[in-house]
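Spelled out, the chains give:
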Amino acid sequence: MIEYVMITAVIMTLFIVMLLQVHANFVKIPTDTITYSAFTDIGNGLSTRIVDVYAIAPDTGNISSSFDLPDDIGGRSYIVEISGSKKGQTVDIWRDDIRAEMALAGIGASKYGQAKGNTTGAGVNRVRFDSEGFT
């Protein structure tokens, strides 16, 4: 009887350890990798959209472009932020511990100044340009 209990305890311990490792290695890591790739694709598309709006921006007046981002990636929402620093303009997309940062090429050196803002994937999003600036 003691042998049966000891063998069962060892097998159950190994099973629990294996179960924890399977989730980390076969579920979480691939999901994080695919999420990062999706964030990179979204960031590059958004960067292109912003550069296109600035490329056709009028000297006086305003222009607006609406677009739709995926509502969620892997069943969870995410945050998009356009920010500037000494390194230049960037598009940051993140949730939890997954973060993708892409350069917003072509805007930092333009005469129009800094691009900024934030959004989520939910709803229709908009890129706006106003020659007088925003308050």
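Keep in mind it's a predicted model, so treat the numbers as computed, not measured. (Residues numbered from 1 in each chain as written. Predicted model: local features only at pLDDT ≥ 70, side-chain atom pairs only at ≥ 80, totals over all residues. Heavy atoms only, no water.)

**Some details on the overall build of the chain**
Piece 1. What the chain contains, in helices and strands, is one helix and six strands.
Piece 2. Along the chain direction, N to C, the helices and strands of the chain fall in the order α-β-β-β-β-β-β.
Piece 3. Taking 135 residues into account, the globule formula puts the C-alpha radius of gyration at 14 Å, and the chain, at 23 Å, lies well above it.
Piece 4. Dimensions along the principal axes, computed over C-alpha positions, put the chain at roughly 90 × 30 × 25 Å.
Piece 5. Looking at the 135 residues of the chain, the share that counts as buried comes to 26%.
Piece 6. Pairs at least 24 apart in sequence give 63% of the contacts found in the chain among residues at least 6 apart.
Piece 7. With an accessible surface of roughly 9300 Å², the chain has 60% of that area assigned to carbon and sulfur atoms.
Piece 8. Considering the chain, the positive charge centre built from 11 side chains and the negative charge centre built from 15 side chains are found 6 Å apart. (Helix = DSSP H or I, 4+ residues; strand = E, 2+ residues; numbered from the N terminus. Rg over C-alpha atoms; globule rule 2.2 N^0.38 Å. Buried < 20%, exposed > 50% of the residue type's maximum accessible area, 1.4 Å probe, protein only. Contact = heavy atoms within 4.5 Å. Areas by Shrake-Rupley, 256 points an atom, 1.4 Å probe, with all protein chains shown as cover. Lys, Arg positive; Asp, Glu negative; His and termini not counted. Charge placed at Lys NZ, Arg CZ, Asp CG, Glu CD.)

**Looking at the environment of E81**
Piece 1. Residue position: E81 is located in strand β2 (residues 79–85).
Piece 2. A sequence separation of 39 residues divides E81 from T120, and the C-alpha atoms of the two residues are 8.6 Å apart.
Piece 3. Those residues in contact with E81 that sit more than four places away from it in its chain are T90, V91, D92, W94, G117 and N118.

**A short note on the pattern of salt bridges**
Piece 1. One pass over the full model with this rule turns up two salt bridges.
Piece 2. In this structure, the salt-bridge partner of D96 is R76, at a minimum N-O distance of 1.9 Å. You can see D96 sitting in the loop between β3 (88–95) and β4 (98–103) and its partner R76 sitting in the loop between β1 (62–68) and β2, a full 20 residues away along the chain.
Piece 3. On the accessibility criterion, D96 (58% relative accessible area) is exposed. (Salt bridge = Lys/Arg side-chain N within 4 Å of Asp/Glu carboxyl O.)

Function cannot be read off these values alone, since they describe shape.
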